[in-house]
Amino acid sequence: VLDQHGAVLLDQPDDGTGGRPEVLRGDLRRILINSLPGEMIQWGHKVTSVRPLGDSRHELTFADGPTVTTGLLVGADGAWSRVRPLLSDAKPEYVGTSFIETYLYDADQRHPAAAKATGDGSLFAVPAGKGILGHREAHAVLHTYVALTKPQEWIAAILASPETAAAQVAAEFTGWAPELTALITDGETALAPRPISALPIGHRWDRVPGVTLLGDAAHLMSPFAGEGANLAMFDGAELGKAIAAHSDDIEAALAEYEQALFARSARFAAESDKNHQLIFGDNAPAGLLNLLTGQEPTE
Ligand SMILES: Cc1cc2nc3c(=O)[nH]c(=O)nc-3n(C[C@H](O)[C@H](O)[C@H](O)COP(=O)(O)OP(=O)(O)OC[C@H]3O[C@@H](n4cnc5c(N)ncnc54)[C@H](O)[C@@H]3O)c2cc1C
C-alpha cells in the first residue's frame, strides 16, 4: 500500500504458504475447458430469449436461430443473465466506482519504475474516492486498474477519445508520483471501462421448477472481497453434488442447493460491500490498512 507520493504505508510480503493462490483468467478458463469432454460446450450460441413452457420446462432461443427445450436450466450466464428474470426482478446497480483497465508489458525492462512500485504482488494507492491498483502477473506483465468514483457516463465520455483518454485519466492524479501515473500513461492496451455493479445484498428467489442460477447470475457483487470466481466455481460444484445426491428428485436438489447458496452469497456480498466502503470511503487509506492488517476499522 503506497500513498500518492509513492511512500510505502504497508508492505506485506508473500508468506510462502500458498494460502491465497492466484491464477490468470485465461489459464483458469483453459484448465476448466480442458477438464470437459470435447463436444460438451457448444460455442457460438447466444441466448436471446428464455420462455417458460410449464411443467419445469423452458424454451431457449439462440441468436443463430435454433431453439432448445430444457428439463433443467442453469443460468450461469453472468452479471446480465438472461435466465435470472425467470426467478427474480432484481437488476444489478452501479456501485458508484469504475475500474479502468490497461496492461504494461516487459515491465522490468521497459517500465522499471512502475514495476518497482508494484512489487511482486498487488499495489494499492488509494486515497479517498479514487486510486491506482497495480498487479504483477506472469511474464513481467503489469495489470492496472484505475479506480474512479465517477458516473459511468463521465468515464464513457473520456474513453470515447482513445488518443486523449490516458492523459485525461492521469489528470485525475495530478501531483502523484510518476511511477504510479506511469501505470496509466505507459499502458499498452486501450483503456477499457470496467464499471462495477452489484445485485442487492441477500438476493434470493422463490423456488421455480426446472431452473436455477449460479455465479454472478445469482449474486453479482463488487470484486472487493476477491471471491467472485471462487464462488462461481464453488456454486457449480455444490449444485453438482446436490443433483448427484437427489438424482431422482431434481426439485429437492435445487431447493437444498439454493438454501446454502443464499446464505453463502449474502455473507460474501456483505463483505464485498464493506470492503468497498473501507477501500474507497472517506477513511481511506486507513480502512484498507486496517483490512489488510486485520485490525478493527477506525470510524
Ligand atoms: C473489474 C473486475 C475485476 C474482478 N476481479 C476479480 C478477481 O480478481 N478475482 C475474482 O475471483 N473475481 C473477480 N471478479 C469477479 C469475477 O470476474 C466474476 O465473479 C466471475 O467471472 C463470475 O463467473 P461467472 O461464470 O458467474 O460469470 P462470467 O465469468 O461472466 O461468465 C458468464 C458466461 O456466460 C456467457 N453468456 C452471457 N450471456 C450469454 C448469453 N445471452 N448467451 C450465451 N452465453 C452467455 C458469457 O459469454 C460468459 O462466458 C472481477 C470482476 C470485475 C468486473
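Residues numbered from 1 in each chain as written. Predicted model: local features only at pLDDT ≥ 70, side-chain atom pairs only at ≥ 80, totals over all residues. Heavy atoms only, no water.

Going by what an unreviewed UniProt entry lists, the chain is known as FAD-dependent oxidoreductase and is assigned to Streptomyces diastatochromogenes.

1. Structural notes on the overall build of the chain
Under the convention used in this document: Runs of H or I in DSSP of at least four residues are treated as helices and runs of E of at least two as strands, each being numbered from the N terminus. Categorising residues by exposure relies on relative accessible area from a 1.4 Å probe, with only protein chains included: less than 20% of the type maximum marks a residue as buried, more than 50% marks it as exposed, and the intermediate range marks it as partly exposed. Only heavy atoms matter for contacts: two residues are in contact if any of them lie within 4.5 Å across the pair. Note that accessible areas follow from Shrake-Rupley with a 1.4 Å probe, and for residues the cover is restricted to the protein chains shown. His is not counted, nor are the chain ends, whereas Lys and Arg count as positive and Asp and Glu as negative. Working definition for charges: the position is that of NZ of Lys, CZ of Arg, CG of Asp or CD of Glu.
Along the backbone of the chain there are 10 helices and 10 strands. With the C-alpha coordinates aligned to their principal axes, the bounding extent of the chain is approximately 65 × 45 × 35 Å. Within the chain, buried positions represent 38% of all 299 residues. Taking as baseline every contact in the chain between residues at least 6 positions apart, the subset at least 24 positions apart corresponds to 65%. Surface exposure of the chain reaches about 16100 Å², of which carbon and sulfur atoms provide 54%. Side-chain charges of the chain comprise 22 positive and 39 negative groups, with the mean position of each set lying 4 Å from the other.

2. What to know about a negative patch on the surface
Let me state the cut-off plainly: Nonpolar side chains (Val, Leu, Ile, Met, Phe, Trp, Tyr) within 5 Å and like charges within 9 Å form the patches, drawn only from residues with over 30% relative accessible area and no salt bridge. Here a salt bridge means any side-chain nitrogen of Lys or Arg lying within 4 Å of a carboxyl oxygen belonging to Asp or Glu.
Taken together, Asp-14, Asp-15, Glu-22 and Asp-120 make up a surface patch of like negative charges. Turning to its location among the elements, Glu-22 is positioned in the segment before α1 (25–34). For Glu-22, a relative accessible area of 58% translates into the label exposed.

3. Description of the packing of aromatic side chains
Using the following cut-off: Pairing of aromatic rings covers Phe, Tyr and Trp, the last counted by its six-membered ring, and requires centre-to-centre distances within 6.5 Å; plane angles under 30 degrees mean stacked, over 60 mean edge-to-face, and any other angle means tilted.
Per the stated rule, a full pass over the model turns up six aromatic pairs. Between Phe-99 and Tyr-145, the ring centres sit 4.6 Å apart and the planes meet at 25 degrees, which makes this aromatic pair stacked. Of this pair, Phe-99 sits in strand β5 (residues 93–104) while Tyr-145 sits in strand β8 (residues 141–148), and the two are 46 residues apart along the sequence. The interplanar angle of 90 degrees and the centroid separation of 4.8 Å between the aromatic rings of Trp-205 and Phe-262 together place this pair among those described as edge-to-face.

4. A closer look at the site of the ligand
Defined as follows: Here, proximity means that at least one heavy atom of the residue falls within 4 Å of the molecule or strand. In the analysis that follows, any N or O atom pair within 3.5 Å is treated as a polar contact, provided that within protein one partner can donate a hydrogen and the other can accept it, and provided that, for residues neighboring in sequence, both atoms belong to side chains. In the scheme used here, Gly and all other residues not listed as nonpolar or charged are polar, with Ala, Val, Leu, Ile, Met, Phe, Trp, Tyr, Cys and Pro taken as nonpolar and Asp, Glu, Lys and Arg as charged. Throughout the structure description, domain borders are defined by an automatic or database domain assignment.
As a structural note, the neighbourhood of the ligand is formed by 19 residues, with Arg-25, Val-47, Asp-216, Gly-228 and Ala-229 the closest of them. Between a nitrogen atom of the ligand and a main-chain N or O atom of Val-47, the distance comes to 2.8 Å. Taking Gly-228, its main chain carries an N or O atom lying 3.4 Å from an oxygen atom of the ligand. Coverage of the ligand by the protein chains reaches 58% of its 1000 Å² of free accessible surface. Looking at the shell around the ligand, the element that brings in the most residues is helix α8 (residues 228–245), giving three residues. For the shell around the ligand, the class distribution of residues is seven nonpolar, five polar and seven charged. When residues are assigned to domains, the shell around the ligand turns out to be shared by domain 1 (73–92 + 199–289) and domain 2 (93–196), each giving three or more.

5. Quick look at the domain arrangement of the chain
The condition is simple: Buried area: the accessible surface (1.4 Å probe) lost by two parts on joining, summed over both.
Considered domain by domain, the chain is made up of domain 1 (73–92 + 199–289) and domain 2 (93–196). Each of domain 1 and domain 2 has a C-alpha centre, and the two are 28 Å apart. Regarding the contact of domain 1 and domain 2, the summed buried area is about 960 Å², with carbon and sulfur atoms giving 73% of it. Summed over the three residues of domain 1 that lose the most area to domain 2, namely His-276, Phe-280 and Leu-288, the buried surface amounts to 46% of that side. At the boundary of domain 1 and domain 2, one finds zero salt bridges. If you look at where domain 1 meets domain 2, you find three residue pairs in polar contact (both at pLDDT 80 or more). Broken down by element, the side of domain 1 that touches domain 2 gets its largest block of residues, three residues, from helix α9 (residues 250–280).

6. Details of the nonpolar core
To keep things clear, this is the line we draw: The definition of a nonpolar core used throughout is a set of buried Ala, Val, Leu, Ile, Met, Phe, Trp, Tyr and Cys residues joined through side-chain atoms within 4.5 Å.
Judged by nonpolar contacts, the single largest core of 27 residues is most densely connected at Ile-100, Leu-159, Val-169 and Leu-180. Elements supplying a minimum of two residues to this core: β5, α3 (112–118), β6 (122–125), β8, α4 (152–159), α5 (162–171) and α6 (178–185). Looking at this core element by element, the count peaks at four residues for α6. The residues contacting Ile-100, other than those within four sequence positions of it, are Thr-144, Tyr-145, Val-146, Leu-148, Ile-155, Leu-159, Val-169, Leu-191 and Ala-192. In this structure, Leu-60, Val-83, Leu-86 and Leu-239 belong to the second largest nonpolar core, which totals 20 residues.

7. Things to note about the pattern of salt bridges
For the structure on display, the rule yields 11 salt bridges. Residues Arg-30 and Asp-27 are paired through a salt bridge, measuring 2.4 Å at the closest nitrogen-oxygen approach. Taken together, the positions of Arg-30 and Asp-27, both in helix α1 and three residues apart, correspond to about one turn of that helix. Salt bridges sharing common partners tie together Arg-207, Glu-251 and Glu-258.

8. Points about the sheet that holds strand β9 (residues 192–198)
What holds strands together in a sheet is hydrogen bonding between their backbones, with the strands either parallel or antiparallel. Heads up, the rule is: Only strands joined by at least two bridges in the DSSP assignment are considered to pair. Axis lines are fitted to C-alpha atoms, over the contacting stretch for helices. Their N-to-C directions set the angle, which ranges from 0 to 180 degrees.
An order of β6-β7-β8-β5-β9 is seen for the five strands of this open sheet, with the pairing classed as antiparallel. At either end of the open sheet lies a strand with only one pairing partner, and these are β6 and β9. Pairwise comparison of adjacent strand axes, ignoring direction, gives a mean angle of 20 degrees for this sheet. Sheet topology places β5 next to β8; seven bridges connect them, and they run antiparallel. If you follow Thr-102 over to β8, its bridge partner there is Thr-144. Along the sheet, α9 contacts β5, β7 (130–137) and β8; its crossing angle with β5, the most-contacted strand, is approximately 65 degrees.

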